[in-house]
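Here's the letter readout for the chains.
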Amino acid sequence: MRDTKLSHEDFRKEIHKVARELIQEFTKQLFERLMLEEREMYLEENVHTKGNGYYERNLITPQGEIKGLKVPRTRDGNFRPALLPPPRQKAMIDIGELITLLFVAGVSTRKINKILETWYGIHYSPSSIARLTKVTEEEIERWRNRPLEETYLFIFVDATFLSIRRGATAKEPVYVVMGIRKDWTREILSFYVFAGGESAFLWREIANDLYRRGVRKVEMFIGDGLSGLEEALREIFPGADFQHCVVHHMRNCLKGVRKRDREGLAEDMKKIFRAKNREEAYKELMELKEKWGSKYPSVIKSTERNFHCLTAFMKYPEGIRRFIYSTNSIERRMKEIKRRTKVIEQFPWEGSVLKLLYYLLKEENDRLRSRTLPCKDEWEKFVKSRGNEVAAGRHT
């Protein structure tokens, strides 16, 4: 007779398999219960519509893929479960993050408690939730106005758009400023919400704020070439260089290029920014002009006009260039803001945006300050060979 006993390893695997299936089923039930509860809350606030059954989709979780998750619908088609991630993204929910996101989205403390009971089977009193989410305006302003270092080697400026309700709802720019310190750690310097879009006045406000908080010396600013940005920064920090983000420039140039030409033109443009120095870069630009100038004159004109700012990074050692030729370093933070706010279709007031940005960026700042970029030795050699320190700014 064949021995049907399981080995210890097979038994362990079988137990893990059964446990994983049980956890997946439990997680599936929790998600479905939570989404039904969300729909009930939606229907209470939108009495013109009714429930309309459900559709099925799969959900990726740390425990594996859950198949056939039943997602409730409404007749008006506008209901989207706030905690359900987009397809192909993993569902990972932290209680603290969940409470904060719901709170800044305008969900009442009683409704948050109802969600927690449904989702986790735990109870928080409304007063406890209020204490957990209590981030005062004074605390936010204290962090945004904290004293900064006198010197930052490089400062990145970027913006993203979030929907904010001020009577009517509109997408408004949110600005984030990040600096590289002399010890080659990074720091989130501040964030700004200005109604009314981008303008030279707003950039000047940001530059003035940095100066007011103690910044006096900046080697170079890196931004995406938005109108008035370079001029406003140079007004307050005239000794600083400005690097126009290469990635943004190429992206904007290629928008008007025919699909069949896009790859070839992009490769030829990259030769400019891979050059060892500005002299070689200019030769590559002339070759680009000869090859593509008659077909895409606007691309050549834009690159010629911005050549100085597009190649400012080339005065620095090659080991440093990859960190400063574009705004990619800060763009990753902006994408994280967009990802973490995706569950919030619109912010009910400006204060809710400030609270969430504070929550996300202070957390990110703590992480950045603990990591050092591998450039310190190369930078010190460069400064020594150059014979001077970072140029000082001047307030005007």
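Structure: above.
Residues numbered from 1 in each chain as written. Predicted model: local features only at pLDDT ≥ 70, side-chain atom pairs only at ≥ 80, totals over all residues. Heavy atoms only, no water.

Novice: Is there a simple way to think about the sheet that holds strand 3 (residues 151–166) in this case?
Specialist: The pairing of strands in a sheet comes from backbone hydrogen bonds and takes either a parallel or an antiparallel form. Here five strands make up an open sheet; going across it, the order is 5-4-3-6-7 and the pairing mixed. Two strands lie at the open edges of the sheet, namely strand 5 (186–193) and strand 7 (241–244), each paired on one side alone. For this sheet the average axis-to-axis angle between neighbouring strands, irrespective of direction, equals 25°. Both strand 3 and strand 4 (residues 168–180) contribute to a ladder of 13 bridges, which runs antiparallel. Note that in strand 4 the partner of Ile155 across the bridge is Gly179. (Pairing = 2+ DSSP bridges. Helix = DSSP H or I, 4+ residues; strand = E, 2+ residues; numbered from the N terminus. Axes fitted to C-alpha atoms, helices over the stretch in contact; angles between N-to-C directions.)

Novice: Looking at this model, I keep getting lost on the packing of helix 10 (residues 278–292) against helix 11 (residues 297–305). Mind explaining?
Specialist: Each packed pair of helices is defined by two parameters, the angle between the axes and the distance between the axes. Between helix 10 and helix 11, the shortest axis-to-axis distance is 10 Å and the interhelical angle comes to 165°. Viewed along their axes, helix 10 and helix 11 adopt a mutual orientation that is roughly antiparallel. Between helix 10 and helix 11 the crossing geometry is left-handed. Residues Leu285, Met286, Leu288 and Lys289 of helix 10 form the contact with helix 11, whose participating residues are Ile300, Thr303 and Glu304. (Parallel < 35°, antiparallel > 145°, perpendicular 65-115°, else oblique. Left-handed = near helix turned anticlockwise from the far one by under 90°. Contact = heavy atoms within 4.5 Å.)

Novice: How should I be thinking about the pairing of strand 3 in this particular structure?
Specialist: In the case of a regular strand, side chains alternate between the two sheet surfaces. Of all 16 residues making up strand 3, twelve are buried, and the element is well covered by its neighbours. In the sheet, strand 3 pairs with strand 6 (residues 217–223) via five bridges, with the strands oriented parallel. Looking at strand 6, one finds that Phe154 is bridged to Met220. Following strand 3, the chain reverses through one residue before pairing antiparallel with strand 4; Gly167 in that reversal takes a positive phi of roughly 80°. (Buried < 20%, exposed > 50% of the residue type's maximum accessible area, 1.4 Å probe, protein only.)

Novice: Just checking my understanding: could you explain unusual backbone geometry for this structure?
Specialist: In this model, Trp184 sits at a positive phi of 65°, which is unusual for a non-glycine residue. Structurally, Trp184 is set in the loop between strand 4 and strand 5. On the basis of relative accessibility, which here comes to 0%, the residue Trp184 falls in the buried class.

Novice: Would you explain the side chain of Asp261 in this entry?
Specialist: Structurally, Asp261 can be placed in helix 9 (residues 259–273). If sequence neighbours within four positions are ignored, Asp261 has contacts with Trp292, Lys295 and Tyr296.

Novice: Would you explain the packing of helix 8 (residues 246–254) against helix 9 in this entry?
Specialist: At a closest axis distance of 11 Å, the pairing of helix 8 and helix 9 adopts a crossing angle of 150°. The orientation of helix 8 with respect to helix 9, classified from their angle, is roughly antiparallel. Considering how the two elements wind past one another, helix 8 and helix 9 form a crossing that is right-handed. When helix 8 is examined against helix 9, the residues Val246, His249, Met250, Cys253 and Leu254 are found in contact with a partner set consisting of Arg262, Leu265, Ala266, Met269, Lys270 and Phe273. Broken down by class, the residue content of the contact of helix 8 with helix 9 amounts to eight nonpolar, one polar and two charged. (Nonpolar A, V, L, I, M, F, W, Y, C, P; charged D, E, K, R; others polar.)

Novice: Can you help me understand the packing of aromatic side chains in this one?
Specialist: Centre distance and the angle of the planes are the two values used to describe a pair of aromatic rings. Throughout the structure, instances matching the rule amount to 16 aromatic pairs. Judged by centre distance (5.5 Å) and plane angle (85°), the ring pair of Phe154 and Tyr316 falls under edge-to-face. Taken together, the positions of Phe154 in strand 3 and Tyr316 in the loop between helix 12 (307–310) and helix 13 (318–324) put the pair 162 residues apart, joining distant regions of the chain. Like Phe154, the residue Tyr316 is buried in the burial classification. Aromatic pair Tyr211 and Phe237: ring centres 6.1 Å apart, planes at 55°, arrangement tilted. You can see Tyr211 sitting in helix 6 (residues 200–212) and its partner Phe237 sitting in the loop between helix 7 (229–236) and strand 7, a full 26 residues away along the chain. Pairwise contacts between aromatic rings join Phe154, Trp184, Tyr316, Trp379 and Phe382 into one cluster. (Phe/Tyr/Trp six-rings, centres within 6.5 Å; stacked < 30°, edge-to-face > 60°.)

Novice: How should I be thinking about the environment of Arg333 in this particular structure?
Specialist: Mapped onto the elements of the fold, Arg333 is located in helix 14 (residues 328–340). Residue classification places Arg333 among the buried positions, given a relative accessible area of 10%. For Arg333 and Glu364, which are 31 residues apart along the polypeptide, the C-alpha to C-alpha distance reads 8.2 Å. Those residues within four positions of Arg333 in sequence are excluded, and the remaining contacts are Met178, Arg186, Glu364, Arg367 and Leu368. Here the side chain of Arg333 touches Ser329 through a polar contact of 2.6 Å, landing on its backbone oxygen. (Polar contact = N/O pair within 3.5 Å; in protein donor to acceptor, adjacent residues only side chain to side chain.)

Novice: I would appreciate a short explanation of the nonpolar core in the present structure.
Specialist: In globular proteins that are soluble, nonpolar side chains generally tend to be buried together. Judged by nonpolar contacts, the single largest core of 61 residues is most densely connected at Phe154, Trp184, Phe191, Leu265, Ile324 and Trp379. Here this core takes eight residues from helix 15 (residues 350–368), the largest share from any one element. For Phe154, the residues in contact, after removing those within four places along its chain, are Met178, Gly179, Ile180, Trp184, Glu219, Met220, Ile222, Tyr316, Ile320, Ile324 and Trp379. Formed by 25 residues, the second largest nonpolar core is a distinct cluster that contains Leu148, Leu189, Tyr211 and Leu229. (Core = buried A, V, L, I, M, F, W, Y, C linked by side-chain atoms within 4.5 Å.)

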